[in-house]
Amino acid sequence: MGATLVALTPEKAELSRTLVDRHKIGFDLLSDPGNAYAAKLGLRFELPAKLREIYSGFGIDLAAFNGDDSGTLPMPARIVVDSGGIVRAVDADPDYTQRPEPQKSIDDILALGG
């Protein structure tokens, strides 16, 4: 379809490489240290202390995974940008369980003539 898929994560690059290798991910997985780019897009939020404790109880050490102690996470989002750099579609929801179906991405790309 002529589209390029890229994902952005706050995880340290070495952890991302392991993830890419383990799951045979066939697209670029870029690092966003400190969720800095997510913050510029308005897609970063601070995880409440109570939830940090719960994460920690499950063995999830965000500071170790992300390489900073900001306690922030990116809001899951999907952004479709055309070849001229213009944003054509955005799906973002503060509820991380609400994500667009893959077909939505395909439909958005087809709408661009992809």
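Cut-offs applied
- Residues numbered from 1 in each chain as written.
- Predicted model: local features only at pLDDT ≥ 70, side-chain atom pairs only at ≥ 80, totals over all residues.
- Heavy atoms only, no water.
- Salt bridge = Lys/Arg side-chain N within 4 Å of Asp/Glu carboxyl O.
- Buried < 20%, exposed > 50% of the residue type's maximum accessible area, 1.4 Å probe, protein only.
- Helix = DSSP H or I, 4+ residues; strand = E, 2+ residues; numbered from the N terminus.
- Polar contact = N/O pair within 3.5 Å; in protein donor to acceptor, adjacent residues only side chain to side chain.
- Contact = heavy atoms within 4.5 Å.
- Patch = residues over 30% accessible without salt bridge, like charges linked within 9 Å, V, L, I, M, F, W, Y side chains within 5 Å.
- Areas by Shrake-Rupley, 256 points an atom, 1.4 Å probe, with all protein chains shown as cover.

Examining the pattern of salt bridges
Across all of its chains, the model carries 7 salt bridges by this definition. Between D82 and R88 there is a salt bridge, with its nearest N and O atoms 2.8 Å apart. Taking the relative accessible area as the measure of exposure, D82 reaches 17% and is therefore buried. Judged by its relative accessible area of 49%, R88 falls in the partly exposed class. Three or more residues joined by partner-sharing salt bridges are found here, namely R78, D91, K104 and D108.

Points about unusual backbone geometry
Glycine aside, negative phi is the norm for most residues, and most peptide bonds take the trans geometry. The phi dihedral of K24 is positive, around 50 degrees, even though this residue is not glycine. In this fold, K24 is placed in the loop between α1 (13-23) and β2 (28-31). Positive phi values are uncommon outside glycine, yet N35 reaches one of about 55 degrees. Summarising the element assignment, N35 is placed in the loop between β2 and α2 (36-40). Judged by relative accessible area, N35 falls into the buried class, the value being 1%.

A short note on the environment of P94
Mapped onto the secondary structure, P94 falls in the loop between β6 (87-92) and α5 (102-111). The class for P94 is exposed, based on a relative accessible area of 65%. Separated by 51 residues in the primary sequence, P94 and L43 place their C-alpha atoms 8.5 Å from one another.

Quick word on the side chain of D82
With respect to the element layout, D82 can be found in the loop between β5 (77-81) and β6. Within the structure, D82 has its side chain in polar contact with the backbone nitrogen of G84 (distance 2.9 Å). Among the polar contacts made by the side chain of D82, one reaches the side chain of R88 at a distance of 2.8 Å. Residues within four places of D82 in sequence aside, it is in contact with R88 and L112.

Remarks on a nonpolar patch on the surface
Together, V6, L8, L30, Y37, L41, I79, V81, V87 and V90 give the surface a local cluster of nonpolar side chains, amounting to about 760 Å² of exposed area. Contributions of two or more residues to the nonpolar patch are made by β1 (6-9), β5 and β6. Mapped onto the fold, L41 is located in the loop between α2 and β3 (44-46). You can call L41 partly exposed: its relative accessible area is 40%.

Digging into the environment of R44
Inspection of the secondary structure puts R44 in strand β3. Judged by relative accessible area, which is 39%, R44 ranks as partly exposed. Counting along the chain gives 43 residues from R44 to V87, while the straight-line C-alpha distance between them is 19 Å. Excluding residues that lie within four positions of it along the chain, R44 makes contacts with G34, N35, A38, A39, T72, L73 and P74. Among the polar contacts listed, one links the side chain of R44 to the backbone oxygen of G34, at a separation of 3.1 Å.

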